[in-house]
Structure formats: C-alpha cells, structure tokens
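Chain by chain, the residues:
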Amino acid sequence: MTKKILILHTGGTISMSEDESGKIKPNERNPLANISLKNKSELELVTEEIFNVPSPHMNPERMLQLSLRIRQAEAEGFYGAVVTHGTDTLEETAIFLDLTISSNMPVVVTGAMRSSNEIGSDGLYNFRTAIMVASSKESVGKGVVVVMNDEIHSARYVTKTHTTNVATFRTPTFGPIGIVSEGHVNYVQTIKPQQHLPINYVVDQVFLVKAYAGMGTELLRALNQTATNGIVIEALGAGNMPPETLPELQALVEHKIPIVLVSRCFNGIAEPVYDYQGGGVNLNKMGIIYCRGLNGQKARIKLLVGLSAGLSGLELKKYINN
Ligand SMILES: NC(=O)C[C@H](N)C(=O)O
C-alpha cells in the first residue's frame, strides 16, 4: 500500500544556496525538489512550503501553525510527516511539536548544516533519511524525532552543539534513540511517555535567563512586571542560584510569576540537592519549579505550552516536573 507522507518545508540552510562570494542566501526554488528515492513507488510525497524563513525567524505562532497542520494531516490519511527546518532553532520547534501533537503518526524534523550547492552538502541526504524514518513502521508511536547525520534523536532532549559541523545535533546525558544505517531504521531506546497538550493558541512574554557567578537582582527585577507570564532560569550546577538573587526571586514568587529552573550544565538533571543559601533545597521550598533534563530553550517552550493550555499552580508544576 502506498504511504502518504506530508512534507512541510519551513526554510533554513537546507533550502538555501551559496552565492559566488560565499554568502548563504534563501532560494526562490527549493533545492529539495530534486530528491530521488529508492522506494519511490511505495510513497506518495505531498509537499507544502508552509514558510520559507531562516530559523532565527521562527516563533511560537509559526510553531503552532505547523503543529495544527500536522494534527490535521492525520485526519487526511497521512502516514507520517517530515518538517525541514533551519538548524538554529530546530530543537525548539521539535519539542513544541512533540508537546502539542498527541497522535502516534511519525513526525520527523530535519535540516542541514551546508547549503544545497556547497561541497559535501548534507541537505538532500538528511531529507532522504528523514523520509525513510517517517515512513518506517518502527517510527509509529515514537513521538517527534529529529533526524540528522544518520542519527535519530528524541525531540525532547536533542540540541545543536556546534556552529558548523554536520554532526552538530547531539543528545547530552541520554544519547540518540536510534540510527539509520544502510537504509535501515534502528531504534535502540525508548524515552518516557509525556503529557500532550494540543493547544490552539500561544501566550507570549515567557523569558529565559542564564545565571552567572556574581549575579544580582537587576535582570530579574526587569522581568518582575504584570505582563510577564513566566521565567525559565538556567541555574548553576545541580540547580543553585547566587544568594544575591534571592530577594528578587522571592518577589517574583509572591507576584505569582511561575519560575522554572534548569541547569546551565550541558549534561545532567537539575534537582534540589544543596541546602545552603541559594541552594536548590531553598529554591524548591520557595516554590520554584524544577524541570528535569531539559535545557533552557526547551524548558521555555514547555512552560509556554503549559501556560497556553491554561495550567497554573500545582497542575503546572506537575506538568513541568514530568
Ligand atoms: N544550518 C542552518 O539551518 C542555520 C540557519 N541559520 C538557520 O537556522 O536557518
């Protein structure tokens, strides 16, 4: 039976090319139109250019538009979906889709580090591999995955780790969930299921701040406003903050602005472990929410999705904790 795969192009280097001076620019015609597949007769590719933007131009409204299109695709009989995307914010869009699409349909996000006409361009290759993964029966029920450089990563934990290397996408702490080799899709691990919130609207004013040695109250005070819906802090080590920040953190908690804490460390999980002034035990008692295993930019998307679904108080805490 022919499998229908929805291809959603959003832009990024995968759709760009290099000019004579070596500058990378968007194209009128998407270079991925030239794809050739081994099992073409078994697949029907339906292509839509939903956006044509570099990924620093992505935002939660566009992520929502993508999510809504994919949710509709299942009802239209699609077997799977492939999203091509710029790599700079790919991990944010991927987790947004993962948190907001509740179906078992395979959804694969991919991109490229080299534009279409550069030597060693990885765009067409990643695109073809992504289609292979999206059409594999092994991918059903795996949630949203990111496929780059022959690796399959969960949308939840994958992150961009290098500015230019084609092996930039990595999953710190947990590793990839699978690989593609010799045309075969191999999953090697499954990750914990999570709650899906199929939202239809997104809130704004959710901020991300990084902690540093000697941090004071200035940045946090600037965010202590009625318009602020939530704050994610990339805290120190296992989840600690400099003591000088405590009065302003307390003021934010009193103003009922949700504060979510992750670690600024590349590996590991933030947890309330240390019982000193500014240590995690203190922060947890104050009502600051710990988010396990996500990096700052992903925790921000999770907080934004939770708030957009109308969660607050204990419900929000439970959602973020899991
Ligand atoms: N490799 C890439 O796709 C980077 C590009 N700046 C983008 O995110 O759109």
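Per an unreviewed UniProt entry, the protein is named asparaginase, and its organism is Lactobacillus bombicola. The annotation that UniProt attaches to the protein under Catalytic activity (unreviewed entry) is "L-asparagine + H2O = L-aspartate + NH4(+)". Recorded in UniProt for the protein, the comment headed Sequence similarities (unreviewed entry) runs: "Belongs to the asparaginase 1 family."

A. Quick look at the overall build of the protein. Each helix and strand in the protein was counted, giving 8 helices and 16 strands. Taking 322 residues into account, the globule formula puts the C-alpha radius of gyration at 20 Å, and the protein, at 20 Å, falls close to it. Buried positions account for 52% of the 322 residues belonging to the protein. A fraction of 73% describes how many contacts in the protein between residues 6 or more apart in sequence connect residues 24 or more apart. Accessible surface, the protein: about 14600 Å² in total, of which carbon and sulfur atoms supply 50%. Here the protein carries 29 positive and 30 negative side-chain charges, and the mean point of each set is 4 Å from the other.

B. Structural view of the site of the ligand. By nearness alone, every residue bordering the ligand is listed as Gly12, Thr13, Pro54, Ser55, Pro56, Gly86, Thr87, Asp88, Ala112 and Met113. A distance of 3.0 Å separates an oxygen atom of the ligand from a polar side-chain atom of threonine 13. Taken by itself the ligand offers 270 Å² of open surface, and the protein chains cover 85% of this. The residue makeup of the shell around the ligand, split by class, is 4 nonpolar, 5 polar and 1 charged.

C. Looking closely at the domain arrangement of the protein. Partitioning the protein into domains gives domain 1 (3-187) and domain 2 (206-321). A C-alpha centroid distance of 31 Å is found between domain 1 and domain 2. Taken residue by residue, the interface counts 17 residues in domain 1 and 14 residues in domain 2. A combined buried area of about 1300 Å² lies between domain 1 and domain 2, and 70% of that area is made up of carbon and sulfur atoms. Sorting the residues of domain 1 by area buried against domain 2 places Glu92, Leu99 and Thr173 first, and these three jointly supply 33% of that buried surface. Here domain 1 is connected to domain 2 by 0 salt bridges. In this structure, the connection of domain 1 to domain 2 is made through 8 residue pairs in polar contact (both at pLDDT 80 or more). If you list the elements that add at least two residues to the side of domain 1 that touches domain 2, you get α1 (60-75) and α2 (90-100). Top contributing element to the side of domain 1 that touches domain 2 by residue count: α2, with 6 residues. Within the side of domain 1 that touches domain 2, the residues separate by chemical class into 10 nonpolar, 4 polar and 3 charged.

D. Representation of the nonpolar core within the structure. Judged by nonpolar contacts, the single largest core of 51 residues is most densely connected at Ile70 and Phe96. Three or more residues apiece are contributed to this core by two domains, here domain 1 (3-187) and domain 2 (206-321). Leu223, Met241, Leu252 and Ile259 belong to the second-largest nonpolar core, a separate cluster that totals 21 residues.

E. Local environment of the pattern of salt bridges. For the structure on display, the rule yields 8 salt bridges. The partner of aspartate 19 in a salt bridge is lysine 25, and the shortest N-O contact between them spans 3.0 Å. Since its relative accessible area comes to 21%, aspartate 19 is described here as partly exposed. With relative accessibility at 43%, the residue lysine 25 sits in the partly exposed group. A salt bridge links glutamate 234 to lysine 210, with the shortest nitrogen-to-oxygen separation between them at 3.8 Å. With glutamate 234 in strand β14 (residues 230-235) and lysine 210 in strand β13 (residues 206-210), the pair connects residues that are 24 residues apart, well separated along the chain. Salt bridges here are not isolated pairs; linked through shared partners, they connect Glu48, Arg69 and Glu76.

F. Highlighting the sheet that holds strand β11 (residues 178-181). Spatial ordering of the open sheet is given by β4-β1-β5-β6-β7-β8-β11-β12, a layout of 8 strands whose pairing is mixed. In this open sheet, the two edge strands, each paired with only one partner strand, are β4 (43-49) and β12 (184-187). The average undirected angle you get between the axes of adjacent strands in this sheet is 25°. With 4 bridges joining them, strand β7 (residues 144-148) and strand β8 (residues 151-154) adopt antiparallel strand pairing. Paired with valine 146 across the two strands is histidine 153, which belongs to β8.

What counts as what
Residues numbered from 1 in each chain as written. Predicted model: local features only at pLDDT ≥ 70, side-chain atom pairs only at ≥ 80, totals over all residues. Heavy atoms only, no water. UniProt positions renumbered as here; feature names shortened; annotations may be inferred. Helix = DSSP H or I, 4+ residues; strand = E, 2+ residues; numbered from the N terminus. Rg over C-alpha atoms; globule rule 2.2 N^0.38 Å. Buried < 20%, exposed > 50% of the residue type's maximum accessible area, 1.4 Å probe, protein only. Contact = heavy atoms within 4.5 Å. Areas by Shrake-Rupley, 256 points an atom, 1.4 Å probe, with all protein chains shown as cover. Lys, Arg positive; Asp, Glu negative; His and termini not counted. Charge placed at Lys NZ, Arg CZ, Asp CG, Glu CD. Near = heavy atom within 4 Å. Polar contact = N/O pair within 3.5 Å; in protein donor to acceptor, adjacent residues only side chain to side chain. Nonpolar A, V, L, I, M, F, W, Y, C, P; charged D, E, K, R; others polar. Domains from an automatic or database assignment. Buried area = accessible area lost by both parts, 1.4 Å probe. Salt bridge = Lys/Arg side-chain N within 4 Å of Asp/Glu carboxyl O. Core = buried A, V, L, I, M, F, W, Y, C linked by side-chain atoms within 4.5 Å. Pairing = 2+ DSSP bridges. Axes fitted to C-alpha atoms, helices over the stretch in contact; angles between N-to-C directions.

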